[in-house]
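So the chains spell out like this:
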Amino acid sequence: MTDADNNTVEPLLTRPLVDDRELVLRALLEPFWDAEKQRATPSAFGNGNCFSLSRPALLPEAEIIERWREDLERPERRLEALAEVHVSVIRACAPPEQGVDLRLSVFADPTEKNPAHAELVGSNQAGTQLRKITRGVGNRILKQCRIRSL
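Residues numbered from 1 in each chain as written. Predicted model: local features only at pLDDT ≥ 70, side-chain atom pairs only at ≥ 80, totals over all residues. Heavy atoms only, no water.

Asker: Run through the nonpolar core, naming residues and quoting values.
Answerer: Among the nonpolar cores identified, the biggest contains 27 residues, and Phe-45, Leu-53, Ile-90, Leu-104, Val-106, Leu-120 and Ile-141 are the most heavily contacted of them. When residues of this core are traced back to their parent elements, those giving at least two are β1 (23–28), β4 (50–54), β5 (81–86), α2 (87–92), β6 (103–108), β7 (117–123) and α3 (135–144). Not counting chain neighbours up to four residues away, the residues in contact with Ile-90 comprise Val-24, Leu-53, Val-85, Leu-104, Val-106, Leu-120 and Ile-141. Leu-29, Ile-64, Leu-82 and Ala-116 belong to the second-largest nonpolar core, a separate cluster that totals ten residues. (Core = buried A, V, L, I, M, F, W, Y, C linked by side-chain atoms within 4.5 Å. Buried < 20%, exposed > 50% of the residue type's maximum accessible area, 1.4 Å probe, protein only. Helix = DSSP H or I, 4+ residues; strand = E, 2+ residues; numbered from the N terminus. Contact = heavy atoms within 4.5 Å.)

Put into structure tokens, the structure is as follows:
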């Protein structure tokens, strides 16, 4: 797929977008959870360009948590909490500064094991190339989340 300038569009950016009104959940476990301080870390949403989320509009929250426990937990790494936030709030956390070329988008990314899987992805404003979501932006998103212990 190409954009109007005939530049290649990153395949991750061609998937269906999740509606801005949807609530999404993020599993919080090491390294996204600081067990000593009992709080989420900015790396839960920052310092990368793609972050896994789940959509309780498609699966009950209890089932999502059960799948997280099966897929993510290890004896030394426990699921501690979850972050919940609406897609519109995530999108609004993109840096407003002029000259910062970052768009935040949430894409549907169902898998066989998790049909409610989605991904937060950073891209340029044109939506053609991946961009890193910095820890600062991740922290901005995190401050907008409701954190719940499990």
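Picking up where we left off.
Asker: Break down the pattern of salt bridges for me, with residues and values.
Answerer: Between side chains of opposite charge, a pair can form when the charged atoms approach closely. On inspection of all chains with the given rule, the structure shows 13 salt bridges. Among the salt bridges present, the one from Arg-21 reaches Asp-19, with a minimum N-O distance of 2.8 Å. A relative accessible area of 68% places Arg-21 in the exposed class. Overall, Asp-19 belongs to the partly exposed group, its relative accessible area being 34%. The structure contains a network of salt bridges with shared partners spanning Glu-61, Glu-84, Arg-146 and Arg-148. (Salt bridge = Lys/Arg side-chain N within 4 Å of Asp/Glu carboxyl O.)

Asker: An account of unusual backbone geometry is needed here, citing residue identities and associated values.
Answerer: With an omega dihedral of 5°, the bond running from Glu-30 to Pro-31 counts as a cis peptide bond. Along the chain, the position of Pro-31 falls in the loop between β1 and β2 (33–34). The phi angle at Gln-38 is positive, at roughly 55°, despite the residue not being glycine. Mapped onto the elements, Gln-38 comes out in the loop between β2 and β3 (39–40). Looking at Gln-38, the relative accessible area reads 49%, which means it is partly exposed. Notably, Asn-47 is not glycine yet its phi reads approximately 80°, a positive angle. Within the fold, Asn-47 resides in the loop between β3 and β4. For Asn-47, a relative accessible area of 44% puts it in the partly exposed group.

Asker: With reference to specific residues and values, describe the environment of Arg-74.
Answerer: Examined against the element boundaries, Arg-74 turns out to sit in the loop between α1 (61–72) and β5. When the C-alpha positions of Arg-74 and Leu-17 are compared, they lie 31 Å apart, and in sequence the two are 57 residues distant. Polar side-chain contacts of Arg-74 include one of 3.4 Å to the backbone oxygen of Leu-72. (Polar contact = N/O pair within 3.5 Å; in protein donor to acceptor, adjacent residues only side chain to side chain.)

Asker: Describe the pairing of β5, naming the residues involved and giving the relevant values.
Answerer: Of all six residues in β5, five are buried; the element is thus mostly enclosed. Where β1 and β5 come together, six bridges link them in antiparallel fashion. Within β5, the residue paired with Val-24 across the bridge is Val-85. Of the strand pairs in this sheet, β5 and strand β8 (residues 146–149) are connected by four bridges, and their pairing is antiparallel. Bridge pairing in β8 places Leu-82 opposite Arg-148. (Pairing = 2+ DSSP bridges.)

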